[in-house]
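Coordinates in review
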Amino acid sequence: MWQRSPSDGKMAGETPESSGTSLLHDAEATPRKPRHFLKDVIFHGKFQLLNCLTPEENTGCQHGLYFQDGERRVDYILTYHIKKPSSSRSNRQSSRFTDNAFTRSIRRGTARLGRAPTPQPRGDPEVASQDHSMDYHVDDKRLHREEFEGNLRDMGMELEKDEDTKTPGVGFVKIHAPWHVLCREAEFMKLKMPTKKVYEMKQSTGVGAKINTLVNKATEPLYPNVEDNRTHNVKHLSYMFSREKQHLFDLSDRDSFFDSKTRASIVFEVLKRTKCTKAKYSMGFTSLLGSGVYTDAYPLHDGDLDGENIEPNDRKLLYEEWASYSVFYKYQPIGLVRKYFGEKIGLYFAWLGLYTQMLIPASLVGVIVFLYGCATVDDNIPSMEICHPKNNITMCPLCDRACSYWKLKEACGTARASHLFDNPATVFFSIFMALWAAMFMEHWKRRQMRLNYEWDLTGFEEEEEELKDHPRAEYELRVMQKSLKKEHKTQKTEKEKLTCKDRLPAYMTNVVMMLLMIGVTFAIVFGVILYRISTKTALHMSNNPTTRSNVRLTVKTTAAIINLVVILILDEVYGAVARWLTVLEVPKTDKSFEERLIFKTFILKFVNAFTPIIYIAFFRGRLVGRPGSYLYVFESYRMEECAHGGCLMELCIQLSITMLGKQLIQNNLFEIGIPKLKKLIRYIKSKRRSFQEEEREKKLQRYETDHFLEPFAGLTPEYMEMIIQFGFVTLFVASFPLAPLFALLNNIIEIRLDAKKFVAELRRPVAARAKDIGIWYNLLRAVAKVAVIINAFVISFTSDFIPRLVYQYMYSPDGSMHGFVNHTLSYFNVSNFQDGKEPMDPQHQVEMCRYKDYREPPWSNTPYVISKEFWAVLAARLAFVIVFQNVVMLMSDIVDWLIPDIPKDISLQIHKEKILMVELFMKEEQGKIQFIDSMMPCGGKEKRNNHAPIARSRSIPHTHSHTHANNF
């Protein structure tokens, strides 16, 4: 079919070689000034180029999904730099290449066309030497590419090059896997594919089934309009693909038997196995990417998102039914997400969706606890005593010299606000959230097992181990350097590998840098402490009475905001440091690299986010001393005290500002605001009509459009964001019961935001098979266990829950809370102040002031010594921690034991599949025997019957071995 394509201006049946020849003649006949994409955008303001590279706005990217013949589908893309002829070198016909730090581009040489190089003009010898050196390296890359692509063809792949693109300086290699290659690799990878055998899934009966039917009808509007998301009563029996057993599979439509996700993953496996061996040391695909032989590698998206005459595709369906904010109330089409992106990404969004659903009951209970505090604040006796107008208790100064004596009733607002979060209901909520975390873990294990069954991943362990053996490019490079160094010394060539001795400097650097980063976090927290102390003193010296009356609120809020800004900055720094430290270790496989990176990033970001909170919860107000004998830092900064209502209110402020700030600024503003700002800039620039006519003619191919999307960087940032949020929800929930509600609101937006990013803004990732969420589940369990301990300490040491119980049952005359405030205050004789520490301008003439502590009064035989009430309260606090921790963990273990990891119906279906598989192979074996009987004469039948048991004995164990492999 010889038609001229409007998109590329050449014959559709023209080969790349002939196209390249004609283009070369055109370039020689009419030299054109090369297009510089980055220069046009940055220096000349041609922001319309960005519009052409945006899939959402580009309506012309309908080509590029197939080869030039229009039949073979592009399964994978490799890109490399090419050098376009410049004005000074347009007459050269030799294969001159340049490799600089900015573009590392490669020019298509005429050597492939069989031409002899033209003599080079003489010039500066130094420049010529530099050009020759660069040409040598680029020629080396070209040779590696030619060898690698030749090896791919030997593996059965079909390739097509395109250097005549509208993307300056980039060449594309399109890869297509034909049917026989797909079948061979699917068998090697042990891919489970649906067979022709269909069986009916057992439906539950009874009251439970009727309830499920009613629930499904009630929630029908919440399901997306996606066929894959509907529940089916029948399921195809799946079996590992085998070329010898192709008759078991429905191969009527070979083009759709392996979907685009599976085809891309198959090509990726072939790429990882293919090596360049003509050089002294073999280079794998990852090494070629790392050394710049190829610049990028990615599969293509299925099509465009919007525009005229857009054919229906899975990407467009995901964009409409999943990545749109208008469907925020609907369930996610997890089946379609898995079909398009693979199991690993599908599991992430399934986990995120379940976590968000589980936050709904936690949010409701948290709101009820908060409303209970609001409803009972007027009945709280301690706060009523503090706020009573006749309360005339004089408190000791909050700072030296600048601060004066103050009345306890001035802390009325703080005391009432503290009751909102420090009431008996918070203890119940802490127990509830510990059980909620256990329920969430168990529910996820069941959900995960159900997905494994639906996605045919029940026998995945062996394949997963085999996929871990591909070395990373950095590892191969280090091994190559080690081999070169050793060969230079010993003149012997041996296969090398990196040992612990080789990595010892990296390990030492990791330990030192991790400790240094944690030390930086502690230093910044200490700096914020000094800021609070100094700012409090300065504000107390102010002449403005409004400023003096709001000192505590001002200091708390500003310090929390400073902590938030520091946390946001250090998060980015620590992420880069963790990646750098992991690269230094040179892990062998991507799996090892990911796990080490996750561990380092989690430690640094966890310490960064929770160190200020831990200080406020457990250390502030406990290292103060007492009036007349305060503890000082640098002999001038007096350690800060908690308000009379305790540090719980300040802990709540710090938690709310940090959590909301991270979600609004780091998670949402950065991911939503920056793209919106870029789009606004493009809109403003689009009013410049000078470039529109030129750029309107540009119609990018699909692979060119995807080239300008952001590369997929893994799921680590997404998981890390949610794990830190899970910490905020569970670790200090006793002080902030509204945390689940804020997390729920954030996640409703986060799901659609991540979905839009994956569908519209990122290159399509290679589908990765995974049976679970990996190390993240272990981190979740660790956070849930630590949360029980931390909440026990928050309730017993940070709040006044235990002192109130001790007073009510041990010291109260009538068993009520009357007199509790006076019981917690000790006396101090102002004459015992140290010289220079007393107030400069006391507003009240007093002899005795009060401070919050359990100490003997100045008139006792042992003045200012810790009293017996202190030890009674401390014993009760420690006993509560022990009892609370053990009871809650026991209850969590009971929940774990009561809820089976595998749903009963899934267990039955898996067992049924095994039986059906055995029956299928037995039926196949009988069919073969009957066919042989019908084709052989009678004498041959008798002879065959003598050997039939042997044939059966060989075939049946094979079937049982497969059944055993599927068992888990």
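Residues numbered from 1 in each chain as written. Predicted model: local features only at pLDDT ≥ 70, side-chain atom pairs only at ≥ 80, totals over all residues. Heavy atoms only, no water.

- Named according to an unreviewed UniProt entry, the chain is Anoctamin originating from Oncorhynchus tshawytscha.
- As stated in UniProt under Sequence similarities (unreviewed entry), the record for the chain gives "Belongs to the anoctamin family." (UniProt positions renumbered as here; feature names shortened; annotations may be inferred.)

Here's the deal with helix H5 (residues 179-188)
- Burial of H5 is extensive: seven of the ten residues sit out of reach of the surface.
- Within the sequence span of H5, burial applies to Trp179, Val181, Leu182, Cys183, Arg184, Glu185 and Ala186.
- Taken together, the buried residues of H5 touch helix H7 (254-257) and helix H8 (260-273).
- Directly after H5, the chain includes Lys190, whose backbone phi takes a positive value near 60°. (Buried < 20%, exposed > 50% of the residue type's maximum accessible area, 1.4 Å probe, protein only. Helix = DSSP H or I, 4+ residues; strand = E, 2+ residues; numbered from the N terminus. Contact = heavy atoms within 4.5 Å.)

Overview of the UniProt feature "transmembrane region" (unreviewed entry) in the chain
- Here, UniProt's "transmembrane region" (unreviewed entry) annotation points to residues 348-372, 425-441, 511-533, 553-577, 597-618, 722-745 and 779-802.
- Taken end to end, residues 348-372 comprises 100% helix and 0% strand; its first and last C-alpha atoms sit 36 Å apart.
- Measuring from the first to the last C-alpha atom of residues 553-577 gives 35 Å, for a span that is 100% helix and 0% strand.

Remarks on the nonpolar core
- In this structure, Phe341, Trp351, Tyr355, Trp436, Phe726, Phe732 and Ile773 are the most contacted members of the largest nonpolar core, which totals 115 residues.
- Examining the composition of this core, we find that 15 residues originate from one element, helix H12 (residues 343-376), more than from any other.
- Ignoring sequence-local partners within four residues, the contact set of Ile773 consists of Leu347, Trp351, Trp444, Gln448, Tyr719 and Leu780.
- Core analysis: the second largest hydrophobic core is formed by 48 residues, Met157, Ala186, Phe249 and Ile266 among them. (Core = buried A, V, L, I, M, F, W, Y, C linked by side-chain atoms within 4.5 Å.)

Let's talk about the packing of aromatic side chains
- Tallied over the entire structure, the rule returns 48 aromatic pairs.
- Summarising the aromatic geometry, the rings of Trp322 and Phe349 are spaced 4.7 Å apart at their centres and angled 80° between planes, so their arrangement reads as edge-to-face. Here Trp322 is found in the loop between helix H10 (314-321) and helix H11 (334-341), whereas its partner Phe349 is found in helix H12, with 27 residues between them in sequence. As far as burial versus exposure is concerned, Trp322 and Phe349 are alike and both buried.
- Pairing Trp436 with Phe440 gives two aromatic rings, centres 5.9 Å apart and planes at 10°, and the pair type is stacked. Highlighted residues: Trp436 and Phe440, both in helix H15 (residues 424-454), separated by four residues, approximately one helical turn. The same class applies to Trp436 and to Phe440, which are both buried.
- Its guanidinium or amino end placed over the ring of Tyr340, Arg764 lies 3.9 Å from that ring's centre, counting from NZ or CZ. (Phe/Tyr/Trp six-rings, centres within 6.5 Å; stacked < 30°, edge-to-face > 60°. Lys NZ or Arg CZ within 6 Å of the ring centre and 35° of its normal.)

What about the state of the cysteines?
- Scanning all chains against the criterion turns up three disulfides.
- In this model Cys396 forms its disulfide with Cys849; the gap between the sulfur atoms is 1.9 Å. One quick way to see it: the torsion about the S-S bond of Cys396 and Cys849 is about 85°, and its sign makes the bridge right-handed. Taken together, the positions of Cys396 in the loop between strand E9 (394-395) and strand E10 (406-407) and Cys849 in strand E16 (residues 848-852) put the pair 453 residues apart, joining distant regions of the chain.
- Owing to a relative accessible area of 0%, Cys849 belongs among the buried residues under this scheme. (Disulfide = S-S within 2.5 Å.)

Some thoughts on the pattern of salt bridges
- What the rule picks out here adds up to 35 salt bridges.
- Here Lys272 makes a salt bridge to Glu269, at a shortest N to O gap of 3.2 Å. Taken together, the residues span about one helical turn, with Lys272 and Glu269 both in helix H8 at a distance of three residues. Neither Lys272 nor Glu269 differs from the other in exposure class; each is buried.
- For Glu442, the salt bridge identified is with Lys445, shortest N-O distance 3.1 Å. Placement of both Glu442 and Lys445 in helix H15 is noted, with a separation of three residues, approximately one turn of the helix. Here Glu442 and Lys445 have matching classes, each one buried.
- By sharing partners, the salt bridges in this structure join Glu442, Lys445, Asp896 and Asp901 into a single network. (Salt bridge = Lys/Arg side-chain N within 4 Å of Asp/Glu carboxyl O.)

Focus: a nonpolar patch on the surface
- On the surface, Ile561, Val565, Ile569 and Val573 cluster together into a nonpolar patch covering about 320 Å² of accessible area.
- You can see Val565 is positioned in helix H20 (residues 551-585). (Patch = residues over 30% accessible without salt bridge, like charges linked within 9 Å, V, L, I, M, F, W, Y side chains within 5 Å. Areas by Shrake-Rupley, 256 points an atom, 1.4 Å probe, with all protein chains shown as cover.)

Concerning the sheet that holds strand E3 (residues 170-176)
- Strand order in the open sheet formed by four strands is E2-E3-E1-E8, with antiparallel pairing between adjacent strands. Since the sheet does not close on itself, it has two edges, and those belong to strand E2 (158-162) and strand E8 (296-298), each with one partner. Each neighbouring strand pair of the sheet contributes to a mean axis angle of 20°, computed without reference to strand direction.
- Relative to E3, strand E1 (residues 76-81) is paired through six bridges, and the arrangement is antiparallel. Considered in E3, the bridge of Thr79 is made with Phe172.
- Against the sheet, H8 makes contact with E1 and E3, and its axis sits at roughly 50° relative to E1, the strand it touches most. (Pairing = 2+ DSSP bridges. Axes fitted to C-alpha atoms, helices over the stretch in contact; angles between N-to-C directions.)

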